[in-house]
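Spelled out, the chains give:
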Amino acid sequence: MTQRAVGPSGDEPNRSSVPSATDRPVMIDAGSELDPVHPVGLPAPGGGRGLTAAEVAERIARGEVNDVPVRSSRSVREIVRANVFTRFNLIIGVLWVIMLFVAPIQDSLFGFVIIANTGIGIVQEWRAKKTLDSLAVIGEAKPTVRRDGVAAEISTSEIVLGDLVELGPGDKVVVDGTVAEADSLEIDESLLTGEADPVLKRAGDPVMSGSFVVAGGGAFAATKVGREAYAAQLAEEASRFTLVQSELRSGISTILKYVTWMMIPTAIGLILSQLVVKDHNFKDSIARTVGGIVPMIPEGLVLLTSVAFAIGVVRLGRKQCLVQELPAIEGLARVDVVCLDKTGTLTEGGMDVTEVRALNGTDEPYLRRVLAAFGASDPRPNASLQAIIDAYPVPAGEGWRVTQALPFSSARKYSGAAFEEAQGQPSGWLLGAPDVLLPEDDPALGEIEQLNQQGLRVLLLARVDGPLDDPATATGADPSALIVLEQRLRPDARETLAYFADQRVATKVISGDNAVSVGAVAAKLGLPGAEHTMDARKLPTDPDAMATAMEENTVFGRVTPQQKREMVAALQSRGHTVAMTGDGVNDVLALKDADIGVSMGSGSEATRAVAQIVLLNNSFATLPSVVAEGRRVIGNITRVATLFLTKTVYSVLLAVLVVCFQVEYPFLPRHLTLLSTLTIGIPAFFLALAPNKERAHPHFVRRVMRYAVPSGTIAAVATFATYLIARHVYTGPGSLDAETSAATLTLFLVSMWVLAIIARPYTWWRICLVAAMGVAFLIVLVVPWLQDFFALKLVGAQMPWTAVGIAVIASAALEYAWRLVSRHFPV
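Residues numbered from 1 in each chain as written. Predicted model: local features only at pLDDT ≥ 70, side-chain atom pairs only at ≥ 80, totals over all residues. Heavy atoms only, no water.

*Asks:* Looking at this model, I keep getting lost on the overall build of the chain. Mind explaining?
*Replies:* For the chain, the count of helices and strands is 28 helices and 23 strands. Looking at the chain residue by residue over its 827 residues, the buried ones come to 59%. Carbon and sulfur atoms make up 59% of the accessible area of the chain, which amounts to about 32100 Å² in all. (Helix = DSSP H or I, 4+ residues; strand = E, 2+ residues; numbered from the N terminus. Buried < 20%, exposed > 50% of the residue type's maximum accessible area, 1.4 Å probe, protein only. Areas by Shrake-Rupley, 256 points an atom, 1.4 Å probe, with all protein chains shown as cover.)

*Asks:* Is there a simple way to explain the pattern of salt bridges in this structure?
*Replies:* For side chains of opposite charge, pairing can occur when their charged atoms come near one another. Applying the stated criterion to the full structure yields 19 salt bridges. The partner of R62 in a salt bridge is E64, and the shortest N-O contact between them spans 2.9 Å. Note on E64: relative accessible area 23%, which makes it partly exposed. For the salt bridge of R574 with D544, the shortest nitrogen-to-oxygen distance reads 3.1 Å. You can see R574 sitting in the loop between helix 19 (561-573) and strand 21 (578-582) and its partner D544 sitting in helix 18 (residues 543-552), a full 30 residues away along the chain. You can call R574 partly exposed: its relative accessible area is 31%. The class for D544 is partly exposed, based on a relative accessible area of 49%. A cluster of three or more residues bridged by salt bridges with shared partners is formed by D435, D535, R537 and R558. (Salt bridge = Lys/Arg side-chain N within 4 Å of Asp/Glu carboxyl O.)

*Asks:* Just to check I follow, could you spell out the environment of H697 for this structure?
*Replies:* The topology assignment puts H697 in the loop between helix 23 (669-688) and helix 24 (700-729). For H697, a relative accessible area of 22% corresponds to the partly exposed category.

*Asks:* Got a minute to help me understand the pairing of strand 22 (residues 596-600) in this structure?
*Replies:* Note on strand geometry: in a regular strand, side chains alternate between the two faces of the sheet. Counting buried positions along strand 22 gives 5 out of 5 residues, so the element sits mostly inside the fold. Alternating residues of strand 22 divide into I596, V598 and M600 and G597 and S599, and every residue in both groups is buried. Relative to strand 22, strand 21 runs parallel, the two sharing 4 bridges. Paired with M580 across the strands is G597, a residue of strand 22. The sheet contact formed by strand 22 and strand 23 (residues 613-615) spans 3 bridges and is parallel. Following the sheet pairing, S599 is matched in strand 23 by V614. (Pairing = 2+ DSSP bridges.)

*Asks:* For this particular structure, what's the right way to read the pairing of strand 15 (residues 426-432)?
*Replies:* Among the 7 residues in strand 15, 6 count as buried, and that is most of the element. Between the antiparallel neighbours strand 14 (residues 414-420) and strand 15 lie 5 residues, among them G424 with a positive phi of about 95°. Where strand 15 and strand 16 (residues 457-464) come together, 5 bridges link them in antiparallel fashion. Residue pairing for strand 16: W429 is matched across the bridge by R463.

*Asks:* Explain the side chain of S751 here, please?
*Replies:* Mapped onto the elements of the fold, S751 is located in helix 25 (residues 735-758). Side-chain polar atoms of S751 contact the backbone oxygen of L747, separated by 2.8 Å. If we skip the residues at most four places from it in the chain, S751 touches Y650 and T679. (Polar contact = N/O pair within 3.5 Å; in protein donor to acceptor, adjacent residues only side chain to side chain. Contact = heavy atoms within 4.5 Å.)

*Asks:* Please explain helix 14 (residues 444-453) as it appears in this structure.
*Replies:* Owing to its 3.6 residues per turn, the α-helix aligns residues three or four sequence positions apart on the same side. Along helix 14, the positions that sit buried rather than exposed are A444, L445, I448, L451 and N452. The buried side chains of helix 14 occupy one side of the element, clustering within an arc of 115° when seen end-on. Of the exposed residues in helix 14, the ones pointing more than 90 degrees away from its buried face are Q450 and Q453. Directly after helix 14, the chain includes G455, whose backbone phi takes a positive value near 85°. (Arc of directions from axis to C-beta.)

*Asks:* Just checking my understanding: could you explain the confidence of the model for the chain for this structure?
*Replies:* Regions with low pLDDT should not have their predicted coordinates read in detail. With 85% of its residues at a pLDDT of at least 70, the chain reaches an overall mean of 79. Averaged over each element, pLDDT in the chain is lowest for strand 2 (residues 32-35) (30) and highest for helix 26 (residues 764-782) (94). Contacts from residues 1-47, a stretch scored under 50 in pLDDT, to residues over four places away or in other chains number 171 contacts. Confidence drops under a pLDDT of 50 for residues 234-245, and excluding neighbours within four residues, the segment shows 30 contacts in the predicted structure. (pLDDT = per-residue confidence, 0-100.)

*Asks:* Please clarify how the packing of aromatic side chains should be interpreted in this entry.
*Replies:* Here the structure, examined in full by the defined rule, presents 11 aromatic pairs. Each ring, one from W400 and one from F419, has its centre 5.7 Å from the other, and the planes form 65°; the classification is edge-to-face. Placement of W400 in the loop between helix 12 (383-391) and strand 13 (401-409) and of F419 in strand 14 is noted, with a sequence separation of 19 residues between them. Comparing W400 with F419, the two get one shared label, buried. (Phe/Tyr/Trp six-rings, centres within 6.5 Å; stacked < 30°, edge-to-face > 60°.)

*Asks:* Would you mind going over the packing of helix 22 (residues 623-661) against helix 25 with me for this structure?
*Replies:* When two helices pack together, their arrangement is given by the angle between the helix axes and the distance between those axes. The contact between helix 22 and helix 25 brings their axes to 10 Å, and the two run at 155°. Of the possible angle classes, the one that applies to helix 22 and helix 25 is roughly antiparallel. In this structure, helix 22 crosses over helix 25, and the sense of that crossing is right-handed. Facing R639, T642, L643, T646 and Y650 of helix 22, the residues of helix 25 in contact are L747, S751, V754, L755 and I758. Classifying every residue of the contact of helix 22 with helix 25 by side-chain character gives 6 nonpolar, 3 polar and 1 charged. (Axes fitted to C-alpha atoms, helices over the stretch in contact; angles between N-to-C directions. Parallel < 35°, antiparallel > 145°, perpendicular 65-115°, else oblique. Left-handed = near helix turned anticlockwise from the far one by under 90°. Nonpolar A, V, L, I, M, F, W, Y, C, P; charged D, E, K, R; others polar.)

*Asks:* Explain unusual backbone geometry to me, please; I cannot follow it from the model alone.
*Replies:* Outside of glycine, negative phi angles account for most residues, and trans bonds account for most peptide bonds. Omega for the peptide link from R760 to P761 comes to -5°, which places this bond in the cis form. Along the chain, P761 turns up in the loop between helix 25 and helix 26. Here Q320, not a glycine, exhibits a phi torsion of approximately 60°, which is positive. A positive phi angle, close to 55°, is found at N360, a residue other than glycine. Relative to the helices and strands, N360 resides in the loop between strand 12 (347-358) and helix 11 (364-376). In this structure N360 comes out as exposed when scored by relative accessible area, which is 60%.

*Asks:* So what exactly am I meant to see when it comes to the environment of G476 here?
*Replies:* With respect to the helices and strands, G476 occurs in the loop between helix 15 (471-475) and strand 17 (478-489). Separated by 38 residues in the primary sequence, G476 and L438 have C-alpha atoms spaced 8.9 Å apart.

*Asks:* I tried to follow the sheet that holds strand 10 (residues 321-323) on my own but got confused; where do I start?
*Replies:* Strand pairing in a sheet relies on backbone hydrogen bonds. The paired strands run either parallel or antiparallel. Strand order in the open sheet formed by 8 strands is 10-23-22-21-11-18-20-19, with mixed pairing between adjacent strands. Only two strands of the sheet have a single partner each, and these edge strands are strand 10 and strand 19 (533-535). In this sheet, adjacent strand axes meet at a mean angle of 20° when their direction is disregarded. Sheet topology note: the strand 10/strand 23 ladder contains 3 bridges and is antiparallel. In the sheet register, L322 faces strand 23, and the bridge partner there is V614. Contacting strand 18 (506-510), strand 19 and strand 20 (555-557), helix 17 (residues 515-524) crosses the sheet at an angle of about 145° to strand 20. Set on the sheet, helix 18 makes contact with strand 18, strand 19 and strand 20; between it and strand 18 the angle comes to about 110°.

*Asks:* Teacher, can you tell me more about the packing of helix 24 against helix 28 (residues 798-824) here?
*Replies:* For the pair helix 24 and helix 28, the least separation of the axes is 9 Å and the interaxial angle reads 160°. In terms of orientation, helix 24 lies roughly antiparallel with respect to helix 28. Crossing angle aside, the handedness with which helix 24 passes helix 28 is right-handed. Here R706, Y707, P710, S711, I714, A718, A721, T722, I725, A726 and V729 of helix 24 lie close against helix 28, whose contacting residues are Q798, M799, T802, A803, I806, A810, A813, L814, A817, W818, V821 and S822. In terms of residue class, the contact of helix 24 with helix 28 is built from 17 nonpolar, 5 polar and 1 charged.

*Asks:* I tried to follow the side chain of D171 on my own but got confused; where do I start?
*Replies:* Locating D171 in the fold gives a position in the loop between strand 5 (164-167) and strand 6 (176-188). For D171, the side chain forms a polar contact with the main-chain nitrogen of G168, separated by 2.8 Å.

*Asks:* Is there a simple way to think about the environment of Y392 in this case?
*Replies:* With respect to the helices, strands and loops of the structure, Y392 is situated in the loop between helix 12 and strand 13. A relative accessible area of 17% means that Y392 is categorised as buried. Look past the residues within four positions of Y392 in its chain and what remains in contact with it is V353, V356, R368, L371 and A372.

In structure tokens form, the structure reads like this:
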């Protein structure tokens with residue numbers, strides 16, 4: 001069986017650095033002197049040849065295929081159902097049908113508006129679904145399956161019962177199975193069992209979908225596929241596009257719940273008032289009752305939130321960013337601490353060997369032979385080992401036989417390999433972190449410290465006697481050489497770090513590498529606080545003390561996977577919203593626990609499975625776009641929510657005042673449809689999609705209601721005052737229409753002032769938007785057929801100017817109220 005040694009560095013295996021198998025020179029096998037690596041598509045070594053083509057066809061015919069549909073988004077049917085069958089659409093639908101029978105078509109316009117809005121919501125979410133589905137296919141992990149002795153990558157849905165699936169570091173177990181081959185195979189089952197320690201697997205042991213490989217390699221035979229694999233269904237459910245809970249969505253649900261409670265008794269009172277107390281024409285009473293109920297419903301708020309999220313997904317999709325859960329956009333906008341892994345985030349996957357320094361008189365030609373053999377022993381090298389492979393290929397015909405291999409472990413910080421050399425003599429070697437393999441007083445550490453301060457990465461090659469997996473063996477290691485590696489900095493990392501600093505988002509660099517080296521890299525990129533470095537081995541275990549250390553320092557080195565998880569929890573305990581980025585298996589636990597997990601597209605399958613956001617272009621520079629998109633959504637929805645809730649408040653209060661004063665309800669549905677369209681509907685659509693760099697703030701419901709309640713109250717009082725005055729001014733036939741027109745004018749002007757406040761800070765297009773709405777209302781007032789259509793005609797000069805004067809006073813009160821709220825409740 002092939003012996004494997006996972007990457008030696010203190011960093012995680014980086015899948016982006018793995019070259020195609022045909023690029024690798026040689027792999028040493030325990031059973032032969034020299035055995036070429038099997039690339040995908042070529043015959044695989046070992047006894048397990050997998051199923052034959054005939055056996056695969058037979059199993060497919062029997063339906064023994066992994067046909068669980070892993071969807072990244074809701075189906076079209078679910079989208080339609082979610083947008084059409086809502087509580088408020090039902091209420092409005094019933095009222096619309098009633099109005100179609102008892103009133104002119106003008107009073108039924110609100111029904112057509114709802115149909116249009118719902119259609120827009122369906123189309124926008126369908127567009128988002130298409131974007132998500134196409135991106136999910138791009139980011140889909142394809143396991144390597146051995147059939148007829150040939151290893152090939154296939155889609156997860158093509159796996160059949162009995163398939164032999166190969167495993168390597170970072171691979172996710174995609175179906176349940178039984179281990180057929182194991183080479184120091186360690187599997188992390190924490191996502192299923194909660195147990196953090198990896199489990200060593202041997203031939204015959206079971207493996208479950210949802211777990212992932214942290215070290216070693218092997219293969220397993222699929223024993224449960226499709227819907228029989230319960231763990232696979234759990235994994236599908238976890239990675240599916242879902243409208244999970246978020247502060248924005250839960251806040252809107254809370255608002256709608258309160259609105260429902262207010263609406264029911266108010267509507268009942270209004271119905272009794274208009275039908276029983278006032279002796280009207282029956283149809284007119286029905287029309288005015290419906291006119292009082294419809295504006296209480298902030299139906300567009302839910303729709304606009306969904307549309308804003310959906311458009312956000314489409315926008316990010318164009319930048320190769322896969323959002324696996326919509327509210328993740330919102331979550332990242334609320335983040336105030338970003339934890340970054342250095343490799344693959346600040347640095348590119350590739351590295352270069354700049355120098356090999358022999359220690360203790362070790363012969364340099366011999367060192368090159370050792371490094372070549374060590375590199376060739378691993379079929380899945382990470383970035384640091386790949387640099388060694390590139391620098392020291394195996395000379396033709398001079399391969400050494402591997403007798404033992406020790407996979408890399410994030411806890412150990414080193415890997416190992418033992419060989420039978422060309423002349424038959426045995427040798428054992430460890431390759432890993434110098435400060436782990438060397439005693440604290442070793443003089444070589446001073447030399448290593450100087451290299452680390454230059455931002456260089458240093459590995460130690462040490463000769464050992466005894467079993468590689470015995471911790472005592474590492475204690476007695478004999479240093480043979482220092483391998484100096486230079487990391488390639490990402491060209492866009494500096495601008496991205498500067499963006500987070502400018503947005504007051506704290507950045508913490510967490511790495512398995514030496515802290516000084518990581519700090520030097522961060523300093524080169526201009527990270528504020530890069531000089532505050534800390535070795536994670538010195539971190540306190542007390543959560544509160546760890547939280548203090550996390551807040552006081554910026555760069556952390558020698559961090560174990562479990563510590564990454566504890567660091568995230570420590571920051572969260574101080575009220576921070578934490579995002580974690582990573583691409584390796586040692587990041588999975590932290591990604592899962594963070595408020596927002598961000599994975600690179602080239603990262604391991606396990607990281608992509610648990611992350612809410614996957615950067616398919618592997619560019620850390622995409623994160624500011626996600627943050628900006630989230631801030632745009634949250635800030636704009638907060639703005640438009642105030643518009644919608646202001647309408648709800650004044651509608652409820654107007655209904656209450658009508659019931660208390662025992663008067664006719666002043667408005668027909670057509671009046672409020674016009675007002676809602678010009679002061680809320682059209683402006684809200686543009687404002688919800690506008691650029692907005694405001695930082696996201698908590699307590700969505702509280703902040704919206706602080707402004708909506710006083711605004712709605714002032715609008716209702718001003719409108720009703722105009723209506724009562726008009727009732728004393730106008731008498732005789734047609735007086736109710738004149739009273740309604742005057743009240744409509746006041747309500748429009750006050751609502752426009754609310755819109756003008758919400759549209760701040762002004763830009764040219766915002767000014768044009770507000771002005772256009774005012775001009776549109778003016779056109780309705782002066783064009784005769786529009787006057788007739790909307791039943792709006794201002795009579796005389798006294799009452800219209802009185803309505804304007806009341807609106808001016810109300811607008812001044814609005815300004816005072818908003819400033820008072822802002823002063824007493826600063827953001």
